[in-house]
Amino acid sequence: MTEHEPLRLHVPEPTGRPGRHTDFSYLHVSSAGEVRRPPVDTRPVDTNDLAYVLVRVLDDDGRAVGPWVMQTDPKLLRRGLRAMMKTRIFDARMLIAQRQRKMSFYMQCLGEEAIAIAHALALEPGDMCFPTYRQQGLLLARDDVDMVEMICQLLSNERDPMKGRQLPVMYSYKRAGFFSISGNLATQFVQAVGWGMASAIKGDTRIASGWIGDGATAEADFHTALTFAHVYRAPVILNVVNNQWAISTFQAIAGGEATTFAARGVGCGIASLRVDGNDFLAVYAASQWAAGRARSNLGPTLIEWVTYRAGPHSTSDDPSKYRPADDWAHFPLGDPIARLKQHLIALGAWSEQEHEHAQKELEAQVAAAQKEAERYGTLADGHMRSAAEMFKDVYKDMPEHLRRQRRQLGV
Ligand SMILES: Cc1ncc(C[n+]2csc(CCOP(=O)(O)OP(=O)(O)O)c2C)c(N)n1
Ligand SMILES: [Mg+2]
């Protein structure tokens, strides 16, 4: 024995658990308008302070304040609001369809809608996103992606463009700048950096946008991506969506305790921001800033979007087992839809009546798309693609062992 105490490890714990309120002071929320906006050609090292504060534009009364306010056409904001409402309605309907056993699995982005949608509106045609399963807003923000086709994929039916080979929610829309989702977390980050580097090597003007969750930053791919992005000043936006949870694991377990995920970027020599992900105007302004840097050969930007995963991780999860049931109601950054709605009403560019009308119209649109998609089959009616499909599209000439397996299956 020595005079020293026995060594021990620290295991982070969330402050809230079922029956015990979360103390959200760990988020260190800045006031709206308080955080400076650096010039777009700022040196990465000069963003160090920005990795520990929170860029916010909308104040508690729905006013846009501070240096990150942009002259944004209210038409664009209304488009963003409608896309967020559509996404929430879409998620709610698909959740019910999963409970009705029409699809095997679903994942909502409830509470996080502003991030993907404002980001989509800040990108240009041809830019390529490498999303996770929680960025359906990137697709639903666009007019050129058919909801019917998306729902056919969720239902794994005859018209599923993925031919039943992907998990529902793992979309792939090259034409809409949406790279095929992989279930292997964090792979998107290295792919995004690689795609951005290829764009630069080719002398193209298109930029990449990579996506990762707080939990997945603990994967080695995250760090590899940061190194390559920094070394070659790749034209890429590195989005870290910190929604506080990775299934039942609190963000502190992935390394968010007493520091921030944005600080990882600065540590690697990458310009970094920490932004209120539930503030549509802040997401739009920060995305524009980062896209401007990437497009002007000023290098990558890492953005930590602070938000809250308001729903379960997926239809296979029950968050009441590990966090307070009313946690979202106490989350200090509120609801992104309510906040943008309040702002537009304060501007005189929206009203309660218009909101109600839009809600009904979008509900009808989503319901009609679902009805149309269900005509091609659902998991519940067994109207699926033939098992023969899984043998196709892999080899130009099918090898003998696969022919044999197909014969054994009798398809
Ligand atoms: C490499 C890898 N490890 C583990 C999993 C299982 N898994 C799927 S989602 C998830 C949690 C991810 O949390 P986070 O990155 O915070 O994203 P969020 O679901 O909160 O959007 C885990 C562990 C996986 N898909 N891939
Ligand atoms: Mg998470």
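Presented here is a report on the structure given in the accompanying data block. Remember, it's a predicted structure, so these values are computed and weren't measured experimentally.

What counts and how
- The numbering scheme is per chain: residues are counted from 1 as the chain's sequence reads.
- The lettering of chains begins at A and the numbering of ligands begins at 1, in the order of writing.
- With pLDDT at 70 or above as the cut-off, local features in this predicted model cover only qualifying residues; side-chain atom pairs require 80 or more to be listed or tallied, and sums for whole chains, interfaces and linings still use all residues.
- Helix and strand assignments follow DSSP, with helices taken as H or I runs no shorter than four residues and strands as E runs no shorter than two, numbered in order from the N terminus.
- In this treatment the radius of gyration is a C-alpha quantity, and the globule benchmark scales as 2.2 Å times the residue count to the 0.38 power.
- Remark: C-beta atoms are placed from the backbone, and a residue is labelled buried if 20 or more other C-beta atoms sit within 10 Å of its own, exposed if 12 or fewer do, or partly exposed between those counts.
- We call two residues in contact when the distance between their C-beta atoms, placed using the backbone, is within 7 Å.
- Should the C-beta atom of a residue, placed from the backbone, lie within 6 Å of a molecule or strand, that residue is near it.
- Gly is put with the polar residues, along with every residue not named as nonpolar or charged; the nonpolar set is Ala, Val, Leu, Ile, Met, Phe, Trp, Tyr, Cys and Pro, and the charged set is Asp, Glu, Lys and Arg.
- At least two DSSP bridges between two strands are needed for those strands to be called paired.
- Angles shown run from 0 to 180 degrees and are taken between the N-to-C directions of axes, each axis being a line fitted to C-alpha atoms and, for helices, limited to the stretch in contact.
- Throughout, the term roughly parallel applies to angles under 35 degrees, roughly antiparallel to angles over 145, roughly perpendicular to angles from 65 to 115, and oblique to all others.
- Here a crossing is taken to be left-handed if its near helix is turned anticlockwise relative to the far helix by less than a right angle, and right-handed if that turn runs clockwise.

**Let's talk about the overall build of the protein chain**
Point 1. Of regular secondary structure, the protein chain possesses 12 helices and 7 strands.
Point 2. The globule rule puts the C-alpha radius of gyration for 411 residues at 22 Å, and the 22 Å found for the protein chain is close to it.
Point 3. Based on the C-alpha atoms only, the size of the protein chain along its principal axes is roughly 70 × 65 × 55 Å.
Point 4. Per-residue burial for the protein chain yields a buried fraction of 45% across its 411 residues.
Point 5. Of the contacts made within the protein chain by residues no fewer than 6 positions apart, 77% connect residues no fewer than 24 positions apart.

**What to know about the site of ligand 1**
Point 1. The immediate surroundings of ligand 1 are formed by 17 residues, with Leu 185, Gly 213, Gly 215, Ala 216 and Ala 246 found nearest.
Point 2. Grouping the constituent residues of the shell around ligand 1 by class yields 6 nonpolar, 7 polar and 4 charged.

**Let's talk about the pairing of strand 7 (residues 301–306)**
Point 1. Most of strand 7 sits inside the fold, with 6 of its 6 residues counted as buried.
Point 2. Alternating residues of strand 7 divide into Thr 301, Ile 303 and Trp 305 and Leu 302, Glu 304 and Val 306, and every residue in both groups is buried.
Point 3. Bridging between strand 3 (residues 236–242) and strand 7 involves 6 bridges; their strand directions are parallel. In the strand pairing of strand 7, Val 241 is matched with Trp 305.
Point 4. In terms of strand pairing, strand 6 (residues 271–276) meets strand 7 through 6 bridges, oriented parallel.

**Remarks on the packing of helix 1 (residues 74–99) against helix 2 (residues 113–122)**
Point 1. It is at 10 Å that the axes of helix 1 and helix 2 come closest, and there the two elements cross at 135°. As far as their axial angle goes, helix 2 and helix 1 are oblique. Taken as a pair, helix 1 and helix 2 cross one another with a handedness that is right-handed. On the side of helix 1, the interface is formed by Leu 76, Gly 80, Ala 83, Met 84, Thr 87 and Arg 88, while helix 2 contributes Glu 113, Ala 114, Ile 117, Ala 118 and Leu 121.
Point 2. Per-class residue counts for the contact of helix 1 with helix 2 are 7 nonpolar, 2 polar and 2 charged.

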